[in-house]
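# Fold and geometry: a report
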Amino acid sequence: MTAVKAPRPLAARRPGALRGIAQIPGDKSISHRALILGALAVGETKITGLLEADDVIATAMAMRRFGAETAKDKDGTWRVWGVGTGGFAEPDGVLDFGNSGTGVRLAMGAMATTPVLAVFTGDQSLRRRPMRRVLEPLSAFGMDWNGRGDGYLPVTLRGARHPVAIEHRIATPSAQVKSALLLAALNAPGRTRLTQNVLTRDHTERMLKAFGADIVVEPDGAGETISITGEAELKPAAVHVPRDPSSAAFAAVAASIVPASQITIPGVLLNQRRVGLFQVLREMGARVSAASVSEAGGEPVGDVVAAFAPLRGVEVPADRAPALIDEYPILAIAAAFAEGRTILRGLEELRVKESDRLAAIAAGLRAIGVNVEELSDGLIIEGRGADGVPGGATVETHMDHRIAMSFLVAGLAAREPVAVDDTAMIATSFPEFEAMMRSLGAEFA
Ligand code: S3P
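Starting from 1, residues in each chain are numbered consecutively following that chain's sequence as written. At least 70 in pLDDT is required for a residue's local features to be given in this predicted model, at least 80 for side-chain atom pairs to be given and counted, and no such filter applies to totals for whole chains, interfaces and linings, which use all residues. To obtain the side-chain values, all non-hydrogen atoms of the structure were included, while hydrogens and water were left out.

## Quick word on empty space enclosed by the protein
Whether a set of points on the 1 Å grid over the protein atoms alone is a cavity depends on a 1.4 Å probe fitting there but being unable to get out, while an open set qualifies as a pocket with protein on both sides within 12 Å along at least five of seven lines; lining residues are those with an atom within 4 Å of a point. Grid points are joined across faces, edges and corners, and a volume is the space filled by probe spheres set on the points. The tally for this structure, following the rule as stated, stands at 1 cavity of 30 Å³ or more. In terms of lining residues, the largest cavity is bounded by Ser 256, Ile 257, Phe 308, Ala 309, Pro 310, Leu 311, Phe 337 and Ala 386.

Here it is, written out as structure tokens:
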């Protein structure tokens, strides 16, 4: 998986209206967690709707290397036979997480309090991403690590022989860090208390409850404190994975900027901590709404309906960033097609995603003829209106799936086609992207 894939360029050009039903695959965050909690439970966990993209398959393979068994039924249901908390076996080779920051960081947490040795690596993009943010707090449980440079993959972990529960204030506004620590706490005797100053996605907490963990979440200023009891015995659960709002975002923005479009995106995860993009789009004047909202597997789910509307620029303050952290690339495209200026702040975490997304978005917007100012922690985008983006350029994606999909969406509404240098990485999160967009009427060549 670390082998560099041959680049696959693609161009998008203006179609007629986009119309129809957008079938989006399962949520990536929930898919990783379902496999990992399944591997830590005793007995058989059933998962429906799992995202079968490269990132999630890498996590499934790692869980097998730790001793869990996985199988897929003919109807697409996945089954995981877990080994119990503290039951991970020592992998006999290097664990390769490809492009997946979530997979590698959560798996490090899941093994940190089990006395086995494991070596973690990933692709060229993942090897540049900071791991110290999880390695340092995980050390407090009694784990040892060695890594390249200042905490970069490849990293070797030696799980704690005598783990201890911890009290910790999480420095990074990251659900991955929080989740890694919660998973480590599962095998540390006593009560671990974690405080975070901001509210990040809470799928791990919700799913841990469903698997029978003793976990309590209390508000704490603008953030919250989570306490969890260790030496937990997790009971297997049936997990239904709703469809990924971060993938639905591409279809929703495409319908908002391609004139006369109207699409429906069924069964989307509508967790309040994930729907920030839809809220901002509505503030921009977009016709994006939710229908048939219900609860499925402990998460709110509904149909998203999106239709073309003229957009206007908005200001999105820093405190909203966690609820749309992965959606800034596609929000920047919506802003480019809006009238007026959009100001996005609190984006410093974007510098350490699959690429330096702040720089990649700014360079891409400039290439397609949109004025943008790159701040250390934000972007100021001068919108050119629904029919005003020139296009006619090839955008560099820097091994980043969301940059690739965002600029292809831009090409659907720009005056001239927009190409991206590589679409190979789209398979890490949304392998069906091109086919799904074509089914709505998108034109790629
Ligand atoms: C994720 C959390 C976010 C997000 C990533 C998935 C998760 O990362 O960017 O795509 O599943 O926990 P951070 O928590 O590091 O911000």
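## Examining the site of the ligand
Whether a residue is near a molecule or strand depends on its heavy atoms: it is near if one of them lies within 4 Å of it. For the ligand, the full set of nearby residues is Ser 29, Arg 33, Thr 102, Ser 174, Ala 175, Gln 176, Arg 201, Ile 325, Asp 326 and Lys 353. In the analysis that follows, any N or O atom pair within 3.5 Å is treated as a polar contact, provided that within protein one partner can donate a hydrogen and the other can accept it, and provided that, for residues neighboring in sequence, both atoms belong to side chains. For the ligand, an oxygen atom lies 2.7 Å from a polar atom in the side chain of Ser 29. Asp 326 places a side-chain nitrogen or oxygen 2.6 Å from an oxygen atom of the ligand. Computed by Shrake-Rupley with a 1.4 Å probe, the accessible areas treat only the displayed protein chains as cover when residues are assessed. With the chains in place, 95% of the 380 Å² that the ligand exposes on its own is no longer accessible. Here the ligand occupies the largest pocket. Secondary structure counts use DSSP, requiring at least four H or I residues in a row for a helix and at least two E residues in a row for a strand, with both numbered from the N terminus. Mapped onto the shell around the ligand, the elements with two or more residues apiece are helix H1 (28–40) and helix H5 (175–185). For a cavity or pocket, the test is whether more than half of a molecule's atoms lie within 2 Å of its grid points; if they do, the molecule sits there.

## A few points about the side chain of Thr 195
Position of Thr 195 relative to the elements: it lies in strand S11 (residues 191–196). Thr 195 gets classed as buried once you look at its relative accessible area, which sits at 11%. It only takes one pair of heavy atoms within 4.5 Å for two residues to be counted as in contact. Excluding anything up to four places from it in sequence, Thr 195 contacts His 168, Arg 169, Ile 170, Asp 220, Glu 224 and Thr 225. Accessible area is worked out with a 1.4 Å probe on protein chains only. A residue is then buried under 20% of its type maximum, exposed over 50%, and partly exposed in between.

## Brief notes about the domain arrangement of the protein chain
Segmentation of the protein chain into domains returns domain 1 (10–26 + 242–444) and domain 2 (28–240). The split into domains, and so the bounds of each, comes from an automatic or database assignment of domains. The centre of domain 1, based on its C-alpha atoms, is set 29 Å off from the matching centre of domain 2. Each side of the interface is counted separately: domain 1 has 28 residues, and domain 2 has 29 residues. Here domain 1 meets domain 2 over a buried area of about 2,400 Å², counting both sides, of which 49% is carbon and sulfur. Contact with domain 2 buries surface across domain 1, with Arg 273, Met 399 and Thr 428 losing the most and accounting together for 26% of the total. Reported buried area values correspond to the accessible surface (1.4 Å probe) lost by two parts on association, with both partners' losses combined.

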